[in-house]
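Observations on the model geometry
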Amino acid sequence: MTISTERRNAEKERSAALKRQLNDAQLATLNTLERFGWEIKFIRRTADGKLPVLFDPDSRKYAVLSDAGELNEKHGITFR
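Overview of the structure. (Residues numbered from 1 in each chain as written. Predicted model: local features only at pLDDT ≥ 70, side-chain atom pairs only at ≥ 80, totals over all residues. Heavy atoms only, no water.)

To continue, consider the pairing of strand E3 (residues 61-65). The pairing of strand E2 (residues 49-56) with E3 spans four bridges and is classified as antiparallel. Its bridge partner lying in E3, Phe 55 is registered against Tyr 62. Adjacent in sequence and paired antiparallel, E2 and E3 are bridged by four residues, among which Arg 60 carries a positive phi angle near 55 degrees. (Pairing = 2+ DSSP bridges. Helix = DSSP H or I, 4+ residues; strand = E, 2+ residues; numbered from the N terminus.)

With that settled, the discussion passes to helix H2 (residues 24-34). Among the residues making up H2, those that are buried are Gln 26, Thr 29, Leu 30 and Leu 33. In a view along the axis of H2, the buried residues occupy a sector of 100 degrees, so they form one face of it. Capping the start of H2 is the job of one residue whose side-chain oxygen sits 3.1 Å from the backbone nitrogen of Ala 25: Asn 23. (Buried < 20%, exposed > 50% of the residue type's maximum accessible area, 1.4 Å probe, protein only. Arc of directions from axis to C-beta. Polar contact = N/O pair within 3.5 Å; in protein donor to acceptor, adjacent residues only side chain to side chain.)

Let's shift gears to the sheet that holds E3. Picture the strands of a sheet paired through backbone hydrogen bonds; they go either parallel or antiparallel. Pairing is antiparallel across the open sheet formed by four strands, whose spatial order is E1-E2-E3-E4. Sheet topology places strand E1 (39-46) and strand E4 (71-72) at the edges, where each strand pairs with a single neighbour.

Here we take up the nonpolar core. If you look at the biggest cluster of nonpolar residues, it comprises 10 residues: Leu 18, Leu 22, Leu 30, Leu 33, Trp 38, Ile 40, Ile 43, Leu 54, Ala 63 and Leu 65. Every element with two or more residues in this core is listed here: H2, E1 and E3. Those residues within four positions of Leu 65 in sequence are excluded, and the remaining contacts are Gln 26, Thr 29, Leu 30, Leu 51, Pro 52, Leu 54, Glu 70 and Leu 71. (Core = buried A, V, L, I, M, F, W, Y, C linked by side-chain atoms within 4.5 Å. Contact = heavy atoms within 4.5 Å.)

Such coordinate-based values are descriptive only and should not be taken to indicate function.
Structure below.
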């Protein structure tokens, strides 16, 4: 197994672990967005709960998913 294959497998495992934390509405939206290249990067913990953060590599921008599965590209959150 090459390093790039190992890296891809690790990324798939990490993505699957993050997806297990999503509710049905969020998962449905993510599944649709993945067809267009979006991917889940991490889940930010807030006082209000969990905030899944997605990334679009084409436009190189981040967005968040609400509990209702709505994509918010104008979230006002600063990422480092």
